[in-house]
Amino acid sequence: MAGTTRICGCKGYRFCVECENAFAKEFVNLSTSLPPVDRVYEYCIKCKKAWPVETTLDVSLCPSHSGTPVEIEGIHIQESFLTDEESRKLLKGCDSIEWSQSQSGRRKQNFGPKTNFKEKKLKIGNFKGFPTVFKWVHKKIKEVKILEDYKVIENCSLEYRPETGAYIDKHIDDCWVWGERIVTINILGDSYLTLTKYEGSHDKYNLKYVDFKSKHSVANNVAIRLPMPVNSLMVLYGEARYIWEHAVTRSDINKRRVCIALREFTSWFLDGSNEVANEVLRKAKEYYPIEQRFEA
């Protein structure tokens with residue numbers, strides 16, 4: 001299917017429901033459901049351990065879950081980070097901005113610099129800062145202790161809908177440009193993030209730029225499901241950021257889901273030596289009414 005012209009936004013081996021209907025091709029992708037693993041665990045937000053499950057974890061049983069748990073470092077999930085009123089406000093702000101077609105049945109709104117991970121190029125592009133609808137939430141994340149010094153340089157709104165078969169392939173966010181803390185704010189729709197251990201080359205994802213060793217011994221062929229309840233904030237860092245790939249499976253999108261993904265620079269873009277990075281950081285402090293986005 002590579003090279004096939006598609007109007008839905010998918011490219012290469014990625015597919016959505018529209019692709020399947022148009023090309024009569026059955027969707028075959030590990031990200032449509034849980035990957036074939038020996039055991040599935042679900043992370044408990046209360047005790048911060050992942051427990052073996054057959055279906056879903058009953059958090060009300062904590063700390064009396066059954067089975068032997070596993071632990072991985074680098075997961076912070078804060079329930080009720082947003083109030084219901086704040087999530088409605090943020091959703092209204094997102095929906096006031098034009099959505100663009102993205103890969104695998106998703107839609108997106110992306111505000112940030114242009115990046116080429118393979119060639120390791122960073123450009124300012126048309127980045128002029130962020131719409132004002134995001135200003136208050138960028139300020140709010142600094143109330144979280146581990147994000148007190150967080151400098152947002154990319155804000156990407158993502159929409160998943162079951163009718164489009166939306167999902168996101170397992171991956172690790174690029175390690176050359178994006179910093180250690182990967183932030184997700186879940187605005188609409190409960191869902192899960194599924195972690196599976198990465199066993200490939202360190203050339204992929206630019207992992208070669210990161211010197212990180214796992215602190216915990218967890219079997220390779222397992223999946224760990226992280227709950228992403230509506231209004232919650234999730235931060236992946238350390239082991240969860242660099243040792244495990246993460247995905248949102250199609251089977252975990254039961255109704256419209258909207259989230260905001262925030263990114264920061266790696267440390268070497270913060271030392272003042274890169275002029276493009278310096279300009280991105282300056283622009284990232286600016287906010288503007290959305291009607292100004294496409295002005296020259």
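Everything that follows concerns the structure shown earlier in this document.
Residues numbered from 1 in each chain as written. Predicted model: local features only at pLDDT ≥ 70, side-chain atom pairs only at ≥ 80, totals over all residues. Heavy atoms only, no water.

1. Structural notes on the nonpolar core
Our working rule: Only buried Ala, Val, Leu, Ile, Met, Phe, Trp, Tyr and Cys residues count toward a nonpolar core, and they belong to the same one when joined by side-chain atoms within 4.5 Å. Only protein chains enter the calculation, and the probe is 1.4 Å; a residue is then buried if its accessible area is under 20% of its type maximum, exposed if over 50%, and partly exposed in between. Only DSSP runs of H or I covering at least 4 residues are called helices, and only runs of E covering at least 2 are called strands; the numbering of each starts at the N terminus. Pairs of residues are marked as contacts when any of their non-hydrogen atoms sit within 4.5 Å.
Residues Ile141, Ile185, Leu233 and Phe265 are the most contacted members of the largest nonpolar core, which totals 37 residues. Of all the elements in the fold, those that place two or more residues in this core are α2 (84-95), β11 (182-188), β14 (233-236), β16 (257-263) and α5 (275-283). Look past the residues within four positions of Ile185 in its chain and what remains in contact with it is Phe81, Leu82, Val137, Ile141, Ser232, Leu233, Val258, Cys259, Ile260 and Leu262. Ranked by size, the runner-up nonpolar core spans 29 residues in total, among them Ile72, Tyr160, Leu226 and Cys259.

2. Observations regarding the environment of Val59
Among the structural elements, Val59 can be located in the loop between β2 (49-52) and β3 (75-78). Classification of Val59 as partly exposed rests on a relative accessible area of 30%. Distance from Val59 to Tyr43, taken between C-alpha atoms, is 9.4 Å for residues 16 residues apart in sequence. The contacts of Val59, once residues within four sequence positions are left out, are Cys44, Lys46 and His65.

3. Some thoughts on the sheet that holds strand β10 (residues 168-171)
How we decide: Any two strands between which DSSP finds at least two bridges are classified as paired. In this description, a line fitted to the C-alpha atoms serves as the axis of each element, helices being fitted only across the stretch in contact, and the angle between N-to-C directions of two axes falls anywhere from 0 to 180 degrees.
Overall, mixed pairing links the six strands, which are arranged β2-β1-β13-β12-β15-β10 in an open sheet. Each end of this open sheet is capped by a strand with a single partner; those strands are β2 and β10. Pairs of neighbouring strands in the sheet enclose a mean axial angle of 25°, with direction left out of account. Two elements, strand β12 (residues 191-197) and strand β13 (residues 222-228), share six bridges in a ladder whose sense is antiparallel. Looking at β13, one finds that Thr194 is bridged to Arg225.

4. Details of the sheet that holds β3
Here seven strands make up an open sheet; going across it, the order is β3-β14-β11-β16-β9-β5-β4 and the pairing antiparallel. The sheet is open, and its two borders are formed by β3 and β4 (100-101), each paired with just one other strand. Relative to strand β9 (residues 154-160), strand β5 (residues 107-111) is paired through five bridges, and the arrangement is antiparallel. Bridge pairing in β9 places Arg107 opposite Glu159.

5. Some details on the pairing of β13
Each regular strand shows side chains that alternate between the opposite faces of the sheet. Burial of β13 is extensive: seven of the seven residues sit out of reach of the surface. Of the two faces of β13, both are covered, the one formed by Val222, Ile224, Leu226 and Met228 as well as the one formed by Ala223, Arg225 and Pro227. Both strand β1 (residues 39-44) and β13 contribute to a ladder of four bridges, which runs parallel. Its bridge partner lying in β13, Glu42 is registered against Arg225.

6. Brief notes about the side chain of Arg263
Condition: Nitrogen and oxygen atoms within 3.5 Å of one another constitute a polar contact, given that in protein one can donate a hydrogen and the other can accept it, and given that sequence-neighbouring residues count only through two side-chain atoms.
When you line up the elements, Arg263 lands in strand β16. Owing to a relative accessible area of 10%, Arg263 belongs among the buried residues under this scheme. At a separation of 2.9 Å, a polar atom in the side chain of Arg263 contacts the side chain of Asp173. The contacts of Arg263, once residues within four sequence positions are left out, are Tyr150, Lys151, Val152, Ile153, Glu154, Asp173, Trp178, Ile182 and Val183.

7. Regarding α5
To keep it simple, the criterion reads: Picture the helix axis, draw a direction to every C-beta atom, and the arc is the one those directions span.
Every buried residue belonging to α5 is among Ala277, Asn278, Val280 and Leu281, and all of these are buried. The arc that holds the buried residues of α5, viewed along the axis, is 160°, so those residues lie on one side. Packed against the buried residues of α5 are β7 (121-123). Regarding α5, its N-cap is Asn274, as a side-chain oxygen of that residue lies 3.0 Å from the backbone nitrogen of Val276 further along.

Purely geometric stuff here, so don't read any function into it on its own.
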